[in-house]
2 protein chains.
Amino acid sequence: MTEIPDPLSPEALAGLVATALVRHGAGDAQAAAVGRTVAAAERDGAESHGLFRLPGYVASLRSGKVDGAADPELTSPAPAVLAVDARLGFAPLALELGIPALVERARETGIAALAVRNCFHFAALWPEVEAIAERGLVGLAMTAATPMVAPAGGAKPFFGTNPLAFAFPRADGSVMAFDQASAAMARGDIMIAARDGAAVPEGVGIDPQGRPTTDPAAILAGAQLPFGGYKGASIALMIELLAGAVAGDLFSIEAGAVDNGDGGPPRGGELVIALDPDRFGHGTAWRGGSEAFLEQLLAIEGTRLPGSRRNVRRAQALTQGITLSPVNRAALTDLLA
Amino acid sequence: MTEIPDPLSPEALAGLVATALVRHGAGDAQAAAVGRTVAAAERDGAESHGLFRLPGYVASLRSGKVDGAADPELTSPAPAVLAVDARLGFAPLALELGIPALVERARETGIAALAVRNCFHFAALWPEVEAIAERGLVGLAMTAATPMVAPAGGAKPFFGTNPLAFAFPRADGSVMAFDQASAAMARGDIMIAARDGAAVPEGVGIDPQGRPTTDPAAILAGAQLPFGGYKGASIALMIELLAGAVAGDLFSIEAGAVDNGDGGPPRGGELVIALDPDRFGHGTAWRGGSEAFLEQLLAIEGTRLPGSRRNVRRAQALTQGITLSPVNRAALTDLLA
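Residues numbered from 1 in each chain as written. Chains lettered and ligands numbered in written order. Predicted model: local features only at pLDDT ≥ 70, side-chain atom pairs only at ≥ 80, totals over all residues. Heavy atoms only, no water.

### Here we look at the overall build of chain A
So, step 1. Tallying secondary structure elements over chain A gives twelve helices and ten strands in all.
So, step 2. The C-alpha radius of gyration computed for chain A amounts to 20 Å, which stays within 12% of the reference 20 Å derived for 337 residues, consistent with globular compactness.
So, step 3. Structurally, chain A occupies a C-alpha span of about 55 × 50 × 45 Å along its principal axes.
So, step 4. By residue count, 61% of the 337 residues in chain A fall in the buried class.
So, step 5. Across chain A, every contact between residues at least 6 apart in sequence was considered, and the portion connecting residues at least 24 apart equals 65%.
So, step 6. Split by element, the accessible area of chain A, about 12,000 Å² in all, is 52% carbon and sulfur.
So, step 7. Between the averaged position of the 26 positive side-chain charges in chain A and that of its 36 negative side-chain charges there is a distance of 1 Å. (Helix = DSSP H or I, 4+ residues; strand = E, 2+ residues; numbered from the N terminus. Rg over C-alpha atoms; globule rule 2.2 N^0.38 Å. Buried < 20%, exposed > 50% of the residue type's maximum accessible area, 1.4 Å probe, protein only. Contact = heavy atoms within 4.5 Å. Areas by Shrake-Rupley, 256 points an atom, 1.4 Å probe, with all protein chains shown as cover. Lys, Arg positive; Asp, Glu negative; His and termini not counted. Charge placed at Lys NZ, Arg CZ, Asp CG, Glu CD.)

Following this line, the structure appears as structure tokens:
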């Protein structure tokens, strides 16, 4: 039986997750990339994207839906466009291939896009946008999913939770990033509330009859609602069209139709955009200007920057290590057996 | 005295607006572009961006804040980046110069960005994204403004209303577009409610003491709120950083600080992005796929596409002409005198 240290470093956790995935059929490269992604979420206190997802990754290997040995391929269909064909593997390895190339291209062209296709995705998006901003550029990322969110005016699931992530480089080398579902609440958080028997706030979703409810199980059977009413629905729709039609992959309704229901990640594409502010013809004064802007924002009582809680959790994990919850420790132990 | 027909065509209205602007100091090209923009808003039933804005345009000419004869200049600081220096003129002429060049560039590079700088802007953004989608590409646009919206957790105006516009080309040559403020309600609509003595819904804003209110005058003196809570605030922040830092122009707090309070448009940049889905390496099947997707969305009871009301109003105006409100007719008559 594999021993799980307590606490353990993000690297150690990534290694254990990779080992578990290899035991269930993944190749080393795919497993290592998913391991890094899952460990980053645990490190950052993002429970709903951490070990909570591991049984789903394993299920999709067992069912044969995902090719755990897929070798993603990078191409450039246009001067400012890159594409990674994930070849039906998981998203993280495809992104680890595509993001450095995207940054390099955006430094040449000023703005560039990366379409990740034919992958299975249910990770957070902040790792890829942070990787762009850590290299000094501005990053945007979005992905669709399977039907979970009702459109404006409708009562049936149609959009995915369709997250939008954004990251901006800070003068001290750190990054300001947000990663937010177009749904009022992330699916994973509703799943955790259902698991724990907790209610969710009003406005999060509707039951199968279209009635407002705070029961997470009823919402999972019914439909989630977009954040901010029709404006959040507009953003969900935009993400379907950018990550589906433009990137060249499935809409959420298509991904839902082809999914085998194994509980693993759905098929779906991702669109990532990188912008190099240094190439917009106004020098580098934007660096100091944006720092002054963010300082003025923080000078207002009650404000904080997006991602600040994540950064605090991360700093703690990097110095003190990660302590797994009993549920996660048991699940990981089980999958390592 | 100039005769105003009733009804009148959008072209006739554009011409009258241009005439009024020339009478108050604008050059022909700047006046014609603003005229087209104002007339398009009236044509589309967007009262808060139509003739309602004309006194502001005139005020900014009278005060000397805006150079009504400015000749915008187009450059390309990077292979996928264009920039228009508006030379302290109004935004519409700068956009009419930049958008066709942006579309041409995005057809070459797959994705391209246009930064419009040193302009004065208070028009809607759907004209520029529609112009992109009418040429078969996908368009995104955003701009900051002056401080009007409280950040997440704060009670003071900091962000502009910071609209985000998106347009997608339909198979029949039409366009699906949205243009939505990051604020819960567009500033212009709150101004109109204040003018008319009407209340606004809860969640639109807070009074100068930070208390929730439905009094539009109190909100105009206090702060607007973002749509959807902290998620809308994240989008407002992203737009500040993209239209300010990346595009190379002012943040809303800077634009507010330099404004002379003449009631005209504030200084500020705009970032426009065009994507050519044909250049993403997956052929043209996205056209049929996105049509099927939108049809499935419309098949859900209660749904409609963003911009559908605008398209209905536009079709009416194009066949029946535009009938000005008595207030607008009087104001235009006055400015033409």
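### Observations concerning helix 3 (residues 54-62) of chain A
Residue and element names in this part refer to chain A.
So, step 1. Across the nine residues of helix 3, seven count as buried, placing the element largely inside the fold.
So, step 2. Here the buried face of helix 3 lies against helix 1 (10-23), helix 2 (28-43) and helix 12 (326-336).
So, step 3. Downstream of helix 3 by one or two residues, glycine 64 has phi in the positive range, about 80 degrees.

### As for the interface of chain B and chain A
So, step 1. Contacts between the two partners involve 71 residues from chain B and, on the opposite side, 71 residues from chain A.
So, step 2. For the chain B and chain A pair, buried surface summed over both sides reaches about 5,500 Å², with 78% attributable to carbon and sulfur atoms.
So, step 3. Ranking the residues of chain B by area buried against chain A places Lys231, Phe280 and Phe293 of chain B at the top, with a combined share of 13%.
So, step 4. At the surface where chain B touches chain A, the tally comes to zero salt bridges. (Buried area = accessible area lost by both parts, 1.4 Å probe. Salt bridge = Lys/Arg side-chain N within 4 Å of Asp/Glu carboxyl O.)

### Examining helix 1 of chain A
All names here are of chain A.
So, step 1. Taking 1.5 Å per residue, 14 residues should reach 20 Å; helix 1 reaches 20 Å between its end C-alpha atoms and fits that length.
So, step 2. Of the positions making up helix 1, those classed as buried are Pro10, Leu13, Ala14, Leu16, Val17, Ala18, Ala20 and Leu21.
So, step 3. Considering only its buried residues, helix 1 is in contact with helix 2, helix 3, helix 11 (308-320) and helix 12.
So, step 4. Two residues or fewer past helix 1, glycine 25 is found with a positive phi of approximately 110 degrees. (Expected span 1.5 Å × (residues − 1).)

### Thoughts on the packing of aromatic side chains
The relative placement of two aromatic rings is captured by the distance of their centres and the angle of their planes.
Residue and element names in this part refer to chain A.
So, step 1. Counting across every chain of the model gives 15 aromatic pairs over all chains.
So, step 2. Both rings, one in phenylalanine 168 and one in tryptophan 286, keep their centres 5.8 Å apart while their planes meet at 85 degrees; by these two values the pair is edge-to-face. Highlighted residues: phenylalanine 168 in strand 5 (residues 164-169) and tryptophan 286 in helix 10 (residues 285-298), separated in sequence by 118 residues. As far as burial versus exposure is concerned, phenylalanine 168 and tryptophan 286 are alike and both buried.
So, step 3. The lysine or arginine in question, arginine 53, covers the ring of phenylalanine 122, its NZ or CZ lying 4.7 Å from the ring centre. (Phe/Tyr/Trp six-rings, centres within 6.5 Å; stacked < 30°, edge-to-face > 60°. Lys NZ or Arg CZ within 6 Å of the ring centre and 35° of its normal.)

### Regarding the pattern of salt bridges
Note on pairing: side chains with opposite charge can pair once their charged atoms come close.
So, step 1. Under the defined criterion, the tally for this structure stands at 30 salt bridges over all chains.
So, step 2. For aspartate 207 of chain A, the salt bridge identified is with arginine 211 of chain A, shortest N-O distance 2.9 Å.
So, step 3. Using a relative accessible area of 9% as the deciding quantity, one classes aspartate 207 of chain A as buried.
So, step 4. A salt bridge links glutamate 130 of chain B to arginine 310 of chain B, with the nearest nitrogen and oxygen atoms 3.8 Å apart. Within this pair, whereas glutamate 130 of chain B is found in helix 5 (residues 126-134), its partner arginine 310 of chain B is found in helix 11 (residues 308-320), the two being separated by 180 residues in sequence. Per residue, the accessibility class of glutamate 130 of chain B equals that of arginine 310 of chain B, and both read buried.
So, step 5. Within the structure, one salt-bridge network assembled from shared partners comprises Arg43, Asp44, Glu130, Arg310 and Arg314 of chain A.

### Some remarks on the relation of the copies chain B and chain A
Relating one copy of the chain to the other takes a rotation about an axis and a shift parallel to that axis.
So, step 1. Expressed as a screw operation, the relation of chain B to chain A combines 0.0 Å of axial shift with a rotation of 180 degrees, fitting to an RMSD of 0.0 Å. In symmetry terms, the pair is related by a two-fold rotation axis. For chain B, the residue whose C-alpha comes nearest the rotation axis is glycine 228 of chain B, separated from it by 1.8 Å.
So, step 2. A share of 100% of interface residues in chain B that are also interface residues in chain A marks the association as one of identical surfaces. (Least-squares fit on C-alpha atoms with pLDDT ≥ 70 in both.)

### Examining the environment of alanine 31 of chain A
So, step 1. You can see alanine 31 of chain A is positioned in helix 2.
So, step 2. Distance in space between the C-alpha atoms of alanine 31 of chain A and phenylalanine 90 of chain A is 8.9 Å, their sequence separation being 59 residues.

### Re the pairing of strand 6 (residues 175-180) of chain B
All names here are of chain B.
So, step 1. Along strand 6, five of the six residues are buried, which leaves the element largely enclosed by surrounding structure.
So, step 2. Sheet topology note: the strand 5 (residues 164-169)/strand 6 ladder contains six bridges and is antiparallel. Residue pairing across strands places phenylalanine 168 opposite methionine 176, the latter belonging to strand 6. (Pairing = 2+ DSSP bridges.)

### Considering the sheet that holds strand 5 of chain A
So, step 1. Spatially, the seven strands line up as an open sheet ordered 1-2-3-10-4-5-6 (chain A), and their pairing is mixed. At either end of the open sheet lies a strand with only one pairing partner, and these are strand 1 (73-78) and strand 6 (175-180) of chain A. If you compare each strand with its neighbour and ignore which way they point, the axes differ by 15 degrees on average.
So, step 2. Running at roughly 135 degrees to strand 6 of chain A, helix 8 (residues 230-246) of chain B makes contact with strand 4 (138-143), strand 5, strand 6 and strand 10 (267-275) of chain A of the sheet. (Axes fitted to C-alpha atoms, helices over the stretch in contact; angles between N-to-C directions.)

### Notes on the confidence of the model for chain A
So, step 1. For chain A, per-residue confidence averages 96 on the pLDDT scale, and residues scoring 70 or more make up 100% of the total.
So, step 2. Taken over the whole predicted complex, pTM reads 0.97, whereas the ipTM for its chain interfaces reads 0.97. (pLDDT = per-residue confidence, 0-100.)

### Let's talk about the environment of tryptophan 286 of chain B
So, step 1. Residue classification places tryptophan 286 of chain B among the buried residues on the basis of a relative accessible area of 5%.
So, step 2. Sequence separation between tryptophan 286 of chain B and glutamate 104 of chain B is 182 residues; the distance between their C-alpha atoms is 20 Å.
So, step 3. In this view, tryptophan 286 of chain B contacts Ala245 of chain A together with Gly136, Phe168, Pro169, Pro277 and Asp278 of chain B; residues no more than four positions away in its chain are not counted.

### What to know about the nonpolar core
When a protein is soluble and globular, its nonpolar side chains tend to lie buried together.
So, step 1. If you look at the biggest cluster of nonpolar residues, it comprises 91 residues, and the most contacted ones within it are Phe166, Leu242 and Leu275 of chain A together with Phe166, Leu242 and Leu275 of chain B.
So, step 2. A per-element tally of this core places helix 8 (residues 230-246) of chain A first, with eleven residues.
So, step 3. Dropping the residues within four chain positions of it, leucine 275 of chain B is found in contact with Leu242, Val246, Leu271 and Ile273 of chain A together with Gly110, Ile111, Leu137, Val138 and Phe280 of chain B. (Core = buried A, V, L, I, M, F, W, Y, C linked by side-chain atoms within 4.5 Å.)

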